[in-house]
Amino acid sequence: MNWKLENSVIKLGFFSGLLILLILSSIAYISFEKNDQKEIQEHLSFHVLSTNKEILVLVKDLESANRGYMISGNIHFLKSYYDSKKQIPLVLAKFQNKAINNDKRHRNIQQLKSTITAKIAFIDQKIHYRIAKGQELTALELNIAKGKKLMDAVQFISNKIEQQELETLHQSQIVVAQLEHTIKVILVIGTVMSILIFLIVYLSLIKQIEKRRKNEELLFIQNEWYTQTLLCIGDGVITTNILGEITMLNHAASEITGWDNAEAKGKHMDVVFNIINEKTGEKAINPAAVALQENRTVLLAQNTLLKTKDNKLISIEDSGATIQNINGNIIGSVLIFRDTTERKKAERERDLIYATSLDMIGIAKGDRFISVNPAFGKILGYTEDELLSKSFLELIHKDDIEPTRLELEKTYSGKSVINFVNRYKNKDGNFIWIEWNAIPLGDIIFANGRDITERIKAEEATKAAYTKFFQILESNVVAIAILKIKTDRIIYVNDALSHMLGYETKHILGKKSHQIKAIPTEECERINQLIEFNQGSCKEIESTFKKANGELIHVLFSVESLEIDGSLCRLASFIDISQRKITEEEIKVLNQDLEKRVTERTLDLQDHQKFTDEILHKIPTEIAVYDENENYLYVNPTGIKSEETRNWLIGKNDFDLVKHTNSDEHIALIRKESFEKVRQEKHAEWIDKTKAEDGSIKYMFRILHPLSNKKYILTGYDVTELKLAEKEKQQYINDLEEMMFITSHKVRHPVTQIMGISNLLDDFLVNEKLLTEEELIKIVGYIKTSINSLDEFTKELTTFMYDTKSKNDKLNQ
């Protein structure tokens, strides 16, 4: 029985112990299982927090790169922007994988994803506008506040996720504490079975060690990922230990400081990050050192320069903060900084332009300036305080106040002001013409003004000169027309041209040259080509015009290019040479008839050489006969007076003659060409320019005819007087052009003086000032001087018109 009882007790004890072991094992197993789940949840929460911060950093990098590009237009910022933009989808995808089986976390991540997507789309739109339209138009056309709202929304959702994960961690810590209490109870209860519990603990430890090893491997991977992220971000990052010794420089920090990561490690941060005050030149306080001492984030002071390894000074922006372990103890510091040299250079250049611009540049709010550049004082004469202390409407001419208000109201609705002109009273009481361009930005107006007073005066003087110019053209006896090149339309004709063509002026103005039908289309094209070939200026072009009644007239005209009211035009002057042409035709007919008679007489009187020679010797026309080899057979005394030279010339050619007489070889070349022409045609005509025995210039009209016996006869007629008449007409045209220039020059000065006196008197009347006797005498003196100048010019013009009429009457005779 005892054995059985003992055996039963043993069995009972065994099974009881086994049962207790199983119970304890079950309780321990459940406890550790729950602990594992909580650890997994904690790990997931930490990963979510880390990823959340990573996404927020990337979004801030996007915003920083966007702002840098929008302000400076430097495409270097776009590279940082697109790098961050490329990483965000990858991080978000990894983020979403952590939200499985957690609806709240999944909803928050989806909301964060949609907000970031909207933020990226808005930044892309801003960059597109910045590239296409520039900074100012982008600021006007896009709602800048929208970008801030989206950024605030991203920050809010990120904070919300962080808060939820922190709450989850807190709850997890409470549960872990409860589990630890349960395990302690189990250990107390299981003291009797310590060996079994020890075995269970031992097995559990083995399991935990394996898990820890895996966790350490995962932690190492994460740490390496974070380190590479720091190395690759656009801002410079330097980390130190608690002694201020550098532990890491990222790639951007190496580029900015000139130190690479390997040589900088272990050096004190003041050696690598050597900063000085730009204004004083003294060493600046390192923000990381302050952060280590005071355990707070410290921003770098403005106007700080970084001295690089190669002693180059660059402008930077910087902040320093501490690095703490899980217990909140400081284990080091971090410096984050960026190179702002180019940005500050752009800011200085902008300020320099603002200060040195010759144009007035100001910033207004409502009807008051809140900032003006020095050009305001130079142009208007007021001090900056005087301009800022009053409404600018008080300085505007009373007739311009209402138009200025209307333009000002445009800016309230976001519209820009382009080329608006009004008058401002300067400190001397005179009104200055100002041309404004303005761009609104919210309730602020950026305005640019330019003094155009001299331009206005010049335009008025030019207008008066044009009026006088056209008055002179209208009274001219030479036919004149002006054609605008761009439209190929006639914009002016004087009465002389209308009379010449027989058209009324209204039937010519506004039409193209070929529409008048005074010139055939082919002839019109020829003339245009000739003008284009000579770059818009031609002299003495001969052509044929058809009058309104169908009568054909011969004209000699010249063309000059000039600018009228900003448009390139052509001024053409015409002279009717129909009578001269008739005379030339009569001479030609006479020559042809004479040639015929000479030829007939030569053939009929070959046996009467002496009689023929006597006739040829007495005829007033120069006559020479050549053989088929272009050698002289005969020259009459009219052609060559010296008998000795005539006898010597027989059997010789024109080249021998020019050498003998020291004449221009060009004469012989022309005759050589004429012989070639006669061999193909019936005759050749040209004009020789030679020197007479008395040294004067002589023009001879030459006609070369072939004879039936392979001989040639050359006749010459003196047309010197006709050529001189043509030169006198050309001189007349030149005198007219000179008078036009003198008119423009001599009228402008006295007219400008009179206008200045008028403005001065007007100023006295406006300001109700009384003239002193001395001032009145000076003004009367100026007026007399101007009137005398105009009177003297009128006499000169009258004399010129009389001389011109006399020359014209002489030509007509």
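Residues numbered from 1 in each chain as written. Predicted model: local features only at pLDDT ≥ 70, side-chain atom pairs only at ≥ 80, totals over all residues. Heavy atoms only, no water.

**Student:** What am I meant to see in the overall build of the protein here?
**Tutor:** Along its length, the protein carries 24 helices and 22 strands. A total of 813 residues make up the protein; the buried ones form 36% of that total. Sequence separation of 24 or more characterises 48% of the internal contacts of the protein that already satisfy a separation of 6 or more. A total of about 49700 Å² of accessible surface is found on the protein, and carbon and sulfur atoms cover 56% of it. (Helix = DSSP H or I, 4+ residues; strand = E, 2+ residues; numbered from the N terminus. Buried < 20%, exposed > 50% of the residue type's maximum accessible area, 1.4 Å probe, protein only. Contact = heavy atoms within 4.5 Å. Areas by Shrake-Rupley, 256 points an atom, 1.4 Å probe, with all protein chains shown as cover.)

**Student:** What should I look at first to understand the pairing of strand E6 (residues 313-324) in this one?
**Tutor:** Every regular strand shows the same layout, with side chains that alternate between the two sheet faces. Both strand E4 (residues 298-299) and E6 contribute to a ladder of two bridges, which runs antiparallel. Residue pairing for E6: valine 298 is matched across the bridge by glycine 320. Examined bridge by bridge, strand E5 (residues 304-307) and E6 share three bridges and lie antiparallel to one another. Opposite lysine 307, over in E6, you have leucine 313 as the bridge partner. Once E5 ends, the chain turns through five residues before running back antiparallel as E6, passing asparagine 311 with a positive phi of about 65 degrees. Of the strand pairs in this sheet, E6 and strand E7 (residues 330-339) are connected by nine bridges, and their pairing is antiparallel. Note on E7: the bridge partner recorded for glycine 320 is leucine 335. Count of turn residues in the E6/E7 antiparallel hairpin: five residues, of which glycine 328 carries a positive phi of about 85 degrees. (Pairing = 2+ DSSP bridges.)

**Student:** Explanation requested: the sheet that holds strand E21 (residues 697-706) in the structure shown.
**Tutor:** Two pairing modes exist for strands in a sheet, parallel and antiparallel, and in both the strands are linked by backbone hydrogen bonds. Spatial strand order, E19-E18-E22-E21-E20: five strands in an open sheet with antiparallel pairing. Either end of the sheet is taken by a strand with one partner, and the two such strands are strand E19 (632-635) and strand E20 (684-691). Ignoring which end each strand starts from, the neighbouring axes of this sheet average 25 degrees apart. As paired elements, E20 and E21 share eight bridges and run antiparallel to each other. What sits directly across from threonine 690, in E21, is lysine 698. Most of the contacts of helix H22 (residues 665-680) go to E20, to which it runs at about 170 degrees, and overall it touches strand E18 (622-626), E19, E20, E21 and strand E22 (712-718). (Axes fitted to C-alpha atoms, helices over the stretch in contact; angles between N-to-C directions.)

**Student:** Mind showing me how you'd approach the packing of aromatic side chains here?
**Tutor:** Aromatic ring pairs: the centre-centre distance and the angle between the two ring planes describe each pair. If you walk through the whole model with that rule in mind, you get 10 aromatic pairs. Considering the side-chain rings of phenylalanine 369 and phenylalanine 376, the 5.1 Å spacing of their centres and the 70 degrees angle between planes classify their relative orientation as edge-to-face. On the basis of relative accessible area, phenylalanine 376 is assigned to the buried category, the value being 1%. Ring geometry for phenylalanine 369 and phenylalanine 392: centres 5.2 Å apart, planes at 50 degrees, overall tilted. Residue phenylalanine 369 is found in strand E9 (residues 368-372), and its partner phenylalanine 392 is found in the loop between helix H13 (384-388) and helix H14 (401-412); the two are separated by 23 residues along the sequence. A network of ring pairs unites the aromatic residues Phe369, Phe376, Phe392, Tyr424 and Trp436 as a single cluster. Positioned above the aromatic ring of tryptophan 259, the side-chain terminus of lysine 309 is 5.1 Å from the ring centre. (Phe/Tyr/Trp six-rings, centres within 6.5 Å; stacked < 30°, edge-to-face > 60°. Lys NZ or Arg CZ within 6 Å of the ring centre and 35° of its normal.)

**Student:** Mind showing me how you'd approach the confidence of the model for the protein here?
**Tutor:** If pLDDT is low for a region, its predicted coordinates should not be looked at in detail. Overall, the prediction assigns the protein a mean pLDDT of 77, with 80% of residues at 70 or greater. Scored below 50 in pLDDT, residues 1-7 makes four contacts in the model with residues more than four places away or belonging to other chains. (pLDDT = per-residue confidence, 0-100.)

**Student:** What should I look at first to understand the pairing of E21 in this one?
**Tutor:** Counting buried residues in E21 gives seven out of 10 residues, a clear majority hidden from the surface. Pairing of E21 with E22 involves seven bridges; the strand directions are antiparallel. Paired with phenylalanine 701 across the strands is tyrosine 717, a residue of E22. The turn linking E21 back onto E22 is made up of five residues, and lysine 710 within it adopts a positive phi angle of 60 degrees.

**Student:** Just to check I follow, could you spell out the nonpolar core for this structure?
**Tutor:** Core analysis: the biggest nonpolar cluster contains 25 residues, and Leu497, Met500, Phe545, Phe557 and Phe574 have the highest contact counts within it. Elements represented by at least two residues in this core include exactly strand E13 (479-484), strand E14 (489-493), helix H16 (495-501), helix H17 (521-533), strand E15 (538-546), strand E16 (552-564) and strand E17 (567-576). Among all residues touching phenylalanine 574, those that are not within four sequence positions of it are Val478, Ala479, Ala481, Leu497, Met500, Phe545, Leu556 and Phe557. (Core = buried A, V, L, I, M, F, W, Y, C linked by side-chain atoms within 4.5 Å.)

**Student:** Just checking my understanding: could you explain the side chain of arginine 423 for this structure?
**Tutor:** Tracing the sequence through the fold places arginine 423 in strand E10 (residues 417-425). Exposure remark for arginine 423: the relative accessible area of 18% places this residue in the buried category. What arginine 423 contacts, discounting residues up to four positions off in sequence, is Leu395, Ile396, His397, Asp399, Asp400, Phe431, Ile432 and Trp433.

**Student:** In this structure, what is going on with the pattern of salt bridges? I would like to understand it.
**Tutor:** Here the idea is simple: oppositely charged side chains can pair when their charged atoms come close. A complete count under the given rule lists 17 salt bridges for this structure. We note a salt bridge from lysine 410 to glutamate 407, for which the minimum N-O separation is 3.4 Å. Of this pair, lysine 410 and glutamate 407 are both found in helix H14, three residues apart, which corresponds to roughly one turn of the helix. Between arginine 671 and aspartate 688 there is a salt bridge whose closest N-O contact spans 3.5 Å. (Salt bridge = Lys/Arg side-chain N within 4 Å of Asp/Glu carboxyl O.)

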